[in-house]
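Secondary and tertiary structure notes
Listed here are the chains, written in short residue letters.
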Amino acid sequence: MPDKFDRNKWKVMQIAMNDSIKFVDMLHNVPWEDGLPNNTLQSVENYLAKGVEGELGVTGEGTLLENAFDQSFKASRRSPSPDNTQGITIAAAKFSSEDAAMLVQYTIAIVEFTRLCGPLKTSLERQHELEREIEENERLKREKEAEEQAREERLKPGDMQSETGDVEQEEDLTEKDLSRIQGEVEQLQSQFDASVVEKHSLEMELISMNERLKAATEMLESMRSQEKGWRLHVKENDRNEMLMSNCIAAAAYLTYCGPMDLDTRKRMGEFFLYVCGHHGMPTPKKQLFKNLDLIEFLYTPLLIKELEILKLPMTRLMLEHGCFIMQERSSNTWPLLSDPTSRAIDWIKDYWKDKGLMEVKYFELRSQLETCLADGIPLLVTDIDVQALAKDDRFKNVLIQRPKFIRENVAFKLMVGDHEVECEPKFRLYLHTATEPYLVPHELASNVGIIYFHLSRPDIEEELLDRFMRMEKSRIEDERTTLMLEKMENMQFLEKIEKQMRDLLSSDVRLMNDLSATKKLAELKKQYDETVESQARVESNELSIMKAREGYRSVAQRGAVCFDTSQYLRELNPLYQTSFRQFLDIYDAAISHSERAAVKAVVERLTYSSYVTTARALLERDRTIYALVLSIEVEESMGNMGMGEREFLVSPSFGTILMSALGKTQTDSKIVQTKKPFDWMLDEAFQSLQILAIHYEWSQDMFDRMSKDGRETQWRNLCESDAPEVATLPDKMDDVFLPMQRLLVIRAVRPDRLMQASSVFITSVLGKKYIGDIGVDLPLILRQSDPVTPILLMYSDESETAETLFTDFASRKQSRTRILTISDSSSEKLARKFLHKGMSEGLWILLHNAHNSPHLLHSLETILAEVEDQNIDAQFRCWISVQAHADKLPIRLLQTTVKVLVDSPKVMKDNMIRAFSWVDADILKQSSRPEWPALLHNICYLHGTLRLRARFNRGGWNKPQEFLHLGNNELFEALALAITEFRDNLTTIGQDGQPISRNTSWNGMRFMLSEVIYGSYITDPYDQQSLSAIVDYWISPNATKKDFELARLKYKHPQAFFSSHVRLNALMQALEGIPNHFLDAPEACHLHQSSETLLGDDQYVFSRLNQVFDSMPQSTTLKHKLFPRPPTPFSGPPLAQVSAQSNNPQVVNMGVFASASFAAMKMKKEIELWELCHVTLPKVPKAYSRDYVSERIKKIGGNTPFNMFLMKELELIHTLLTEIKQTLQAIKTATELTVFGDQLPPRLVSAADDLYHMKVPRVWCELAGSTAPPPTLQLASWLTDLSNRCQHFERLLLLGREKMPAYWLGAFFNPRGLLALLKQDSYKHHSVDRSGTVEPFVFQTEITARDKDHLRDPPQEGMFVFGIYIWGCAWEKTTGELMDAAPRHGCTALPVVHITCWPQSEKPILQDPGRAAETYACPIYHSRIAKRERIMDMDVRRENITASRWALRGLTATIRPY
């Protein structure tokens, strides 16, 4: 290596190596085949270490030319070479980096090749020289021989003359012959001269022909590449049959696939090609939908490039949409763009840019249609109501007569509505709606071409990346645009030149005869090559720009995930509409307000801005779904999601079915045959863990080690933890598992904590701020709006909340306001007046309850746009309050406004935080008493617990719907009452009229809260009891103490409420510290955990999560293998086992039917129905005949009131059993005869459908009345219950009333009739002994310790009844006392109850005031699912426990265990 090196030269080399693309191209262009030149070889060897001769190679590390693939080098520091000289070695380079080692290996290989192959090259060159010499010598020899032969031929005539001369006499010539001879000489001379000229001409022509031949040959050689391409094109398209399959597939695709989604289009394209192949059509090499896109098949590359110049999206799906829209000449229908995100509007506008396109909203369409028809102007009608369009006479003929606009060349007349219009054939019509394709009426769909203009995630990502580059890297984007224009010019020029070349070559001109044509062709070829070179340069620059764009792809990728997840929320509720334009505003704002250099900061801000904007317009439960979907899709975008993991999260059974169908099953018998290692572990938990190990490779190691020594404690701590979602996983798997994998493990072992585990997952992926209430951030909403972008305040029931928020916020901002309450459509004119006044004066206008005027909502955007170009005051804002019902709100309004839902949260923690956020900041100054903050907490808690209790449905209140309407008005009234009673220096007016001081009236507060503020909604007396008990519990001096604790939940006031310097923000922060879902438990509202006190949030969230996944297109981790097309929505309860309580009557209807439910069913419906009917029919009890009943009635007393009551009951059960048998037999017969569909009456079809979906048919439930079971009850269980009821009736017919020891109340359809007979007998008995007015009679009950099977005789007074179940508490049989139930405990069966009837004033239990205070009148109902019709009251008590305790628990009883 030289000691000194030219620094300038070294700098030039560094610059060259820094340009990676050029450096790699330079390496690839090294002519190594011929070896390196000597000077280059010498320069390169100066830098390399010197090796010894032989097998040690150049550097002493071994040759690279033999067994090159087996060579491996270990990185080491630079060491001296074998000859003690310094130099570069491969090992030293590898110590620096792998790339450097590869480069050194490449260089050494070329040096070795040059050394070894240099002599060979010299020898080959010498050989070629000798071969050329031999060829030249042979050519010269052949020429010499040819010359000698020609000379001999010329000499032959002379020789003949000399021979004949010997015989003949030489002619004697005289002077007279001179002139003749002279003439002959001259003639010969002229012939000679002509021959010379001809020879010269031939020589010149030969030279010219050689030149033309050479030029033509060179030209043809230079056009080999074009010739090859042309020949290939001809070969691929030389037969029409080769194009037939592609043409048929494309035609079918354009005809049928427009309304389909991405997955269905893909499957249909494959099906069309399969059909073509099945019918023997030739398959071209470039096959449509496989290696040939639809756009490439239908249009030229130049036209595709023109679409790119128009800034239209160039992704595959968007180009497919374009193919559907641009097929003007081949379509007989106008396109109807079904566009839920309103992206197609901008597409059409860009496509028709500067071409006179007219845009008009459907509800504002007046004469624009006639004008465009007459003038031949393209028309875009947006925001169409498809139901209205189907009945619109104006469009009827325009839609039907679409082919005329293609065929006709001159104007023609057409009826439009009730008048005739002369139409120009140039007219084009585009119809746009945000409605999904399947909602388009059939009568409209038959006359339009529906195009489902949906967006896929790659489409969104590319568009957002382009937008980011335009905003932040405008120079690069401008350069890219310039390159696109240059590329299109090159393509146009290349197409033109290539056409000229083909025309010239295919003409009659012969290149050998026309040098000018050859030169022209050469000139064209030169221009072609120059253009190709220019195109290559453009493409190289484009490639560099595209690589630069990739550095910012993470921003676009996250934006695509955010918008893609939000657009599928419309599957949950049509109210959740988001336009692409709305999201672009969020995207632009997030980019412009973030640090430009920090891509991570842009991503985080974009994610949170998108989440907040979307989530604040969602219903409370749906926010959890959105946060969960967003977290899952973010993980998927980062490559942290595996196949089948989404499905396992929804339901382990669904996960195993899908993975088995995909073939992702572990065949290791060890895992499959493993038995549960721990007795304490639930079977469900072990089976779910086993499913994980069988189908998901990442969990196998954990499963294998589970049974090893020392693991039981770790697993037990996890499975039995109160908070397993934050507990440590066994074997330190937290360090190995991804967030999704950890969530699946928790989902397997503790499905009851699925919601809490999901919250932890969301926090780990996105952050803590994505959990819980969003809050109504009106300042942010105001910043996101502008004078022409209204603010939409949506509410479910609390309309006054929207008005209060608007008024208070306007007051804080000191803005002038006007409020207009919309009652009907007649208010539109006044609303226009208000809006125009507000725009001119800068007012805030609130259109309250605007959903009452649908036309106003449709016209609002136009009203605001009417004066958009005029002078609008920047302070003006339009606020709209509407009820959150999708059928009342136009989709366009939802897509063009800033939306927020103002409902109070139902989650306890969020409800309390929202309540404190809405109160006045000065409320803490209203009282100086230390318990004042705690009382405020208790009032807010009381407000939330009444709503929480209503969420448990009838497990909390008898009429829960009455408590769902509690809103902020009641809360503010309660706070106002507290302020009045806790004000400092309370006074009252004494008898002398002077004010005197008084203490706080706790009883007065409790009365006002329970009877007036909250009690005004209550109509059920038992709910009133429970409400009073709850109010007494929280509104008391004891409840405001620091050590007060909520029983069983162990919840205390946060310490901040007892601080000496209390601040409102500190109180809210203290409430935010409460764990999520901690207060959403039955114990928080004084209930106990049971099968009835279930919120069903997991069923609601995860069944709908499955519904969202069904609507998403397939990806690498999301497969619709089981059901390529998601099943039709089903109205009944789902069968997906999200949790063990999925089929609970309180929970089942909170789910929706999606693929996870459908996966549990078999596909052969008729076979399953036959088996079900065949097995069930013998189990149906036999109905008694009327003759048998009449005979038995006569034997037990005849037509007594009791016997008549019994006959009515038997008639009802006879009707029910007969219907069951007839239905089962009819369905069985239908399946045997394959009679289905319209051939069966609707009653049987409904029953068959219910039976197939494992439900008790609704027809039977209607006949059963109040005795109807839950829809999810097993049919066999219900038939067993019917059989037991029949046996009870049989015993009644045998024994009669006099001998019947006890009555099963659940056996009767009308148990109140039985009790009425007892009361009737009591009336008769007392009327014999007394005279005068008879007072009301009441029942007194006594819960005995006796069992029904031990009774032999009836009681002397009253009757024994059994089959009563209590809910909310438990019954201790040994002590005969009422007690709190154990957690997760359902109803408790009571022993025999003795019922007697007394006059109200003589009821024994009421004679003792102490016992009366401890006695709770527990209502008895038919069941928890039946209509709340009280059968009777049952007296329950426990000594020294007040009755209010059982009212607090919501204690009730039923005569059936469901």
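Just so you know, the residues in each chain are numbered from 1, in the order the chain's sequence is written. Only residues with pLDDT of at least 70 are given local features in this predicted model, and only at 80 or more are side-chain atom pairs given and counted; all residues enter the totals for whole chains, interfaces and linings. Excluded from the side-chain calculations are hydrogens and water; all other atoms, namely the structure's heavy atoms, are used.

A short note on the packing of helix H23 (residues 580-592) against helix H24 (residues 599-615)
Whenever a helix is involved, its axis is fitted only over the stretch in contact; in every case the axis is a line through C-alpha atoms, and angles between N-to-C directions fall within 0 to 180 degrees. Each helix is a run of H or I in the DSSP string that is no shorter than four residues. Each strand is a run of E no shorter than two, and both are numbered from the N terminus. Running from N to C, H23 and H24 point in directions that differ by 145 degrees, and their axes come no closer than 9 Å. Crossing of H23 over H24 shows right-handed handedness. In contact with Phe583, Ile586, Tyr587, Ala589, Ala590 and Ile591 of H23, H24 contributes Val602, Arg605, Leu606, Ser609, Ser610 and Thr613. Residue classes in the contact of H23 with H24 are distributed as eight nonpolar, three polar and one charged. Helix crossings are classified by the rotation of the near helix relative to the far one: an anticlockwise turn of less than a right angle makes the crossing left-handed, while a clockwise turn makes it right-handed. Note on contacts: a residue pair is in contact if any heavy atoms of the two residues lie within 4.5 Å. We call Asp, Glu, Lys and Arg charged. Ala, Val, Leu, Ile, Met, Phe, Trp, Tyr, Cys and Pro are nonpolar, and the rest, Gly among them, are polar.

Comments concerning the environment of Val197
Within the secondary structure layout, Val197 lies in helix H6 (residues 176-222). Three labels apply to residues, based on accessible area from a 1.4 Å probe with only protein chains included: buried if under 20% of the type maximum, exposed if over 50%, partly exposed otherwise in between. Take Val197: its relative accessible area is 56%, and that puts it in the exposed class. Here the alpha-carbon distance between Val197 and Leu692, two residues 495 residues apart in the chain, equals 100 Å.

What about a negative patch on the surface?
A residue counts toward a patch only above 30% relative accessible area and without a salt bridge, and it is joined to like-charged neighbours within 9 Å or, for Val, Leu, Ile, Met, Phe, Trp and Tyr, to nonpolar neighbours within 5 Å. Note on areas: Shrake-Rupley with a 1.4 Å probe; residue coverage comes only from the protein chains shown. Take a side-chain nitrogen of Lys or Arg and a carboxyl oxygen of Asp or Glu: if they are within 4 Å of each other, that pair is a salt bridge. Positive charges are assigned to Lys and Arg, negative charges to Asp and Glu, while His and the chain termini are left out of the count. Charged groups are reduced to one reference atom each: NZ for lysine, CZ for arginine, CG for aspartic acid, CD for glutamic acid. A grouping of Glu145, Glu147, Glu148 and Glu152 is seen on the molecular surface, where their side chains present a negatively charged patch. With respect to the helices, strands and loops of the structure, Glu147 is situated in helix H5 (residues 98-165).

Quick look at a positive patch on the surface
On the surface, Arg605, Arg783, Arg812 and Lys813 cluster together into a patch of positive charge. Relative to the helices and strands, Arg812 resides in helix H35 (residues 799-813).

Topic: the nonpolar core
In this text, buried Ala, Val, Leu, Ile, Met, Phe, Trp, Tyr and Cys residues form a nonpolar core when linked through side-chain atoms within 4.5 Å. Counting residues in hydrophobic clusters, the biggest one holds 162 residues, and the most contacted among them are Met681, Leu689, Trp715, Met794 and Leu847. With residues up to four places along the chain from it excluded, the contact list for Met794 reads Leu575, Ala617, Val882, Ala884, Leu889, Leu894, Lys899, Val900, Leu901, Val902 and Asp903. By size, the runner-up hydrophobic cluster in this structure holds 134 residues, among which are Phe952, Met1005, Leu1095 and Leu1206.

Focus: the sheet that holds strand E10 (residues 844-848)
Strand pairing is assigned whenever DSSP detects at least two bridges linking the two strands. Spatially, E9-E10-E11-E8-E12 is the arrangement adopted by the five strands of the open sheet, whose pairing is parallel. A single partner strand is all that each edge strand has here, and the edge strands are strand E9 (817-821) and strand E12 (898-901). Taken pair by pair, the neighbouring strands of this sheet meet at an average axis angle of 20 degrees, ignoring direction. Against the sheet, H35 contacts strand E8 (791-795), E9, E10 and strand E11 (877-883), and its axis sits at roughly 175 degrees relative to E10.

Brief notes about the packing of helix H27 (residues 652-662) against helix H29 (residues 683-695)
Direction vectors running N to C along H27 and H29 enclose 20 degrees, while the axes themselves pass 10 Å from each other. With respect to H29, the element H27 is oriented roughly parallel. Crossing hand, H27 versus H29: left-handed. Between H27 and H29, the residues in contact are Pro652, Thr656, Met659 and Ser660 and Ser688, Ile691 and His695, respectively. Roughly parallel means an angle under 35 degrees; roughly antiparallel, over 145; roughly perpendicular, 65 to 115; everything else is oblique.

Points about the sheet that holds strand E20 (residues 1365-1367)
The strand order E23-E20-E27-E25-E26 describes an open sheet built from five strands, whose pairing is mixed. Single-partner strands in this sheet number two, and they are strand E23 (1388-1389) and strand E26 (1432-1437). Bridging between E20 and E23 involves two bridges; their strand directions are antiparallel. Bridging across to E23, Tyr1365 finds its partner in Ala1389.

What to know about a nonpolar patch on the surface
Together, Phe1007, Met1008 and Val1012 line one region of the surface with nonpolar side chains, adding up to about 250 Å² of accessible area. Along the chain, the position of Phe1007 falls in helix H42 (residues 1002-1013). Classification of Phe1007 as partly exposed rests on a relative accessible area of 49%.

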